[in-house]
Amino acid sequence: MFAKAMVKQSLPLFILCGLGAVFAGSTFAGMASIFQEIPGLIVVIPAIIALRGNISTAFGSRLGSAYHLGVIDAENMWNNELKQNIIGSLVLSFLVSIIIGVLVYITSLLLNVQPDPIKLIVIVLLAGVISGVILTLLTIIIIYLVFRRGYDPDNIAGPALATFGDIVTMFCIFGSAVLVEVIL
Amino acid sequence: VIYSWKNIVKHSLPLLTVCIFIEIFAGQILQGKQEMLVLFPVFLISIPVINGVGGNIGSVLGARLASGLHVGSHPLIPAENLVFTHYRIKHYAFRPFFALLKKVSQFVVYYYPNIAQQQLCIKNKGF
């Protein structure tokens, strides 16, 4: 892998990703009124964005390693390796969402903010699991397209997944916050 | 089968928990400055952007290094042997540091031969 090819493959995507991140940020700014209604929700945002980025880029990077090892290919996508990876990332999103909800509640209590624990944990769990499922599907599609085009999956998968992850997660948390606010 | 979901969860969860602690620290800072952030939405917009740039470049580098380690050709040095063994991975992970050390010492010897000679003399006396 030469630096020139690396920059050539990555740079257009990085510019697109910057625009995508601005879009995610606009959604974030549009949620400002909900943050004042549900105390403690704003604490969740960096944690859940990072969670999505971490889990899905790790998933993409693992698939990239599998591609370089010759274990997985465009013709040979649906094998046991991919299934194990999918199960692993879904279980991780479920567990980590619960951990985020509990930790945010505890730290908010320590800092004299009084959030509603059930509301907070339900919002985080819904957003985490729904965005996890969407992003897993998206990862498989992106990785398949990258394999077909013959690019290096390591260059493409990371930034694309991180940015799509941000956008999808912002929408999921917006939707689940509105839903929980209406139901509970 | 290289990957199993139990291993993935077991290896990722402790690190992710540490990451969540740090992120929640960041989130509590946002909570403390909430009035200012709502007053100036530009800062709210720029949060995912700034988060994204570092994460993107870092994750690309990490993914490429991980692939290089898996294949057995560490990308920082020319590949000699594309064999996937644990010995080679450990060996290759430390090799760039030794290579750097060697380059630095060569540089020192080339441009400051006096120091190198003195070092050599001390070494010889010691022996």
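This text goes with the structure placed above it.
Bear in mind that the values here come from a model prediction, so they are computed numbers and not experimental data.

Asks: Which parts of the structure should I look at to understand the overall build of chain B?
Replies: Within chain B one finds five helices and zero strands. Listing every helix and strand of chain B by position from the N terminus yields α-α-α-α-α. Looking at chain B as a whole, 26% of its 127 residues are labelled buried. Counted over contacts in chain B with a minimum sequence separation of 6, partners at least 24 positions apart contribute 0%. As displayed, chain B offers around 9200 Å² of accessible surface, 72% of which is attributable to carbon and sulfur atoms.

Asks: What is the right way to read helix α6 (residues 153-183) of chain A from this model?
Replies: Note that an α-helix has 3.6 residues per turn; residues three or four places apart therefore point the same way. Over its 31 residues, α6(A) extends 42 Å from the first C-alpha to the last, a length consistent with the 45 Å expected when each residue adds 1.5 Å. Of all 31 residues in α6(A), 22 are buried, a share of seventy percent or more.

Asks: Explain the packing of aromatic side chains here, please?
Replies: To describe a pair of aromatic rings, you give the distance between the ring centres and the angle between the ring planes. Residue and element names in this part refer to chain A. Summed over all chains, the structure comprises three aromatic pairs over all chains. With a centroid separation of 6.0 Å and an interplanar angle of 50 degrees, the aromatic rings of F23 and F171 are classed as tilted. Separated by 148 residues along the polypeptide, F23 in helix α1 (residues 3-30) and F171 in helix α6 bring together distant segments of the chain. With relative accessibility at 44%, the residue F23 sits in the partly exposed group. Overall, F171 belongs to the partly exposed group, its relative accessible area being 40%.

Asks: Just to check I follow, could you spell out the interface of chain B and chain A for this structure?
Replies: Taken together, the contact between chain B and chain A spans 39 residues of the former and 56 residues of the latter. Together chain B and chain A conceal approximately 4400 Å² of surface at their shared face, both sides included; 74% is due to carbon and sulfur atoms. Scanning the region where chain B abuts chain A turns up three residue pairs in polar contact (both at pLDDT 80 or more). Of the residues that constitute the side of chain B that touches chain A, the class distribution is 26 nonpolar, 11 polar and two charged.

Asks: Help me understand helix α1 (residues 5-32) of chain B, please; the structure alone is not making it clear to me.
Replies: Residues and elements named next belong to chain B. Across its 28 residues, α1 extends 38 Å between first and last C-alpha, which sits within 8% of the 40 Å expected from 1.5 Å per residue. Along its length, α1 shows its largest kink, about 35 degrees, at L13, and proline P14 lies within four residues downstream of that point. Restricting attention to buried positions, one finds in α1 the residues I8, V9, S12, L13, L16, I20, I24, G27, Q28, L30 and Q31.

Asks: Even after reading the chapter, I still don't get the packing of helix α3 (residues 41-69) of chain A against α1(B), so can you show me in this structure?
Replies: A pair of packed helices is characterised by two quantities: the angle between their axes and the separation of those axes. Running from N to C, α3(A) and α1(B) cross one another at 150 degrees; their axes reach a closest spacing of 7 Å. Classified by the angle between their axes, α3(A) and α1(B) sit roughly antiparallel to one another. Both α3(A) and α1(B) take part in a crossing whose hand is right-handed. Facing α3(A), whose interface residues are I42(A), V43(A), P46(A), A47(A), A50(A), N54(A), I55(A) and R62(A), α1(B) presents I8(B), L16(B), C19(B), E23(B), I24(B), G27(B), Q28(B), L30(B) and Q31(B). Considered class by class, the residues forming the contact of α3(A) with α1(B) number 11 nonpolar, four polar and two charged.

Asks: Looking at this model, I keep getting lost on the nonpolar core. Mind explaining?
Replies: Side chains of a nonpolar character, in soluble globular proteins, are inclined to be buried together. Ranked by internal contacts, the top residues of the largest apolar core, which has 64 residues, are V44(A), I100(A) and I173(A). A per-element tally of this core places α3(A) first, with 13 residues. Each residue touching I100(A), except ones within four places of it in the same chain, is listed here: V44(A), A47(A), I48(A), L51(A), V124(A), I20(B) and I24(B).

Asks: Please explain the environment of K119(A) as it appears in this structure.
Replies: Residue and element names in this part refer to chain A. By secondary structure assignment, the location of K119 is in helix α5 (residues 117-149). The buried category is assigned to K119, whose relative accessible area is 17%. Along the primary structure K119 and G101 are separated by 18 residues, whereas in three dimensions their C-alpha atoms are 9.4 Å apart. For K119, the contacting residues outside a window of four places in its chain are V180, E181 and L184.

Asks: What is the right way to look at the environment of A177(A) in this model?
Replies: Residue and element names in this part refer to chain A. Within the fold, A177 resides in helix α6. Take A177: its relative accessible area is 1%, and that puts it in the buried class. In sequence terms A177 and L41 are 136 residues apart; their C-alpha atoms lie 8.7 Å from each other. Discounting chain neighbours no more than four positions away, the residues touching A177 are I34, I38, L41 and I123.

Asks: Would you take a moment to explain unusual backbone geometry for this structure?
Replies: Peptide bonds are mostly trans, and most non-glycine residues show a negative phi. Residues and elements named next belong to chain A. One non-glycine residue, N112, lies in the positive phi region at around 65 degrees. One can find N112 in the loop between α4 (80-110) and α5. N112 gets classed as exposed once you look at its relative accessible area, which sits at 67%.

Cut-off values and rules
Residues numbered from 1 in each chain as written. Chains lettered and ligands numbered in written order. Predicted model: local features only at pLDDT ≥ 70, side-chain atom pairs only at ≥ 80, totals over all residues. Heavy atoms only, no water. Helix = DSSP H or I, 4+ residues; strand = E, 2+ residues; numbered from the N terminus. Buried < 20%, exposed > 50% of the residue type's maximum accessible area, 1.4 Å probe, protein only. Contact = heavy atoms within 4.5 Å. Areas by Shrake-Rupley, 256 points an atom, 1.4 Å probe, with all protein chains shown as cover. Expected span 1.5 Å × (residues − 1). Phe/Tyr/Trp six-rings, centres within 6.5 Å; stacked < 30°, edge-to-face > 60°. Buried area = accessible area lost by both parts, 1.4 Å probe. Polar contact = N/O pair within 3.5 Å; in protein donor to acceptor, adjacent residues only side chain to side chain. Nonpolar A, V, L, I, M, F, W, Y, C, P; charged D, E, K, R; others polar. Bend = angle between axes of the 7 residues up to and from the residue. Axes fitted to C-alpha atoms, helices over the stretch in contact; angles between N-to-C directions. Parallel < 35°, antiparallel > 145°, perpendicular 65-115°, else oblique. Left-handed = near helix turned anticlockwise from the far one by under 90°. Core = buried A, V, L, I, M, F, W, Y, C linked by side-chain atoms within 4.5 Å.

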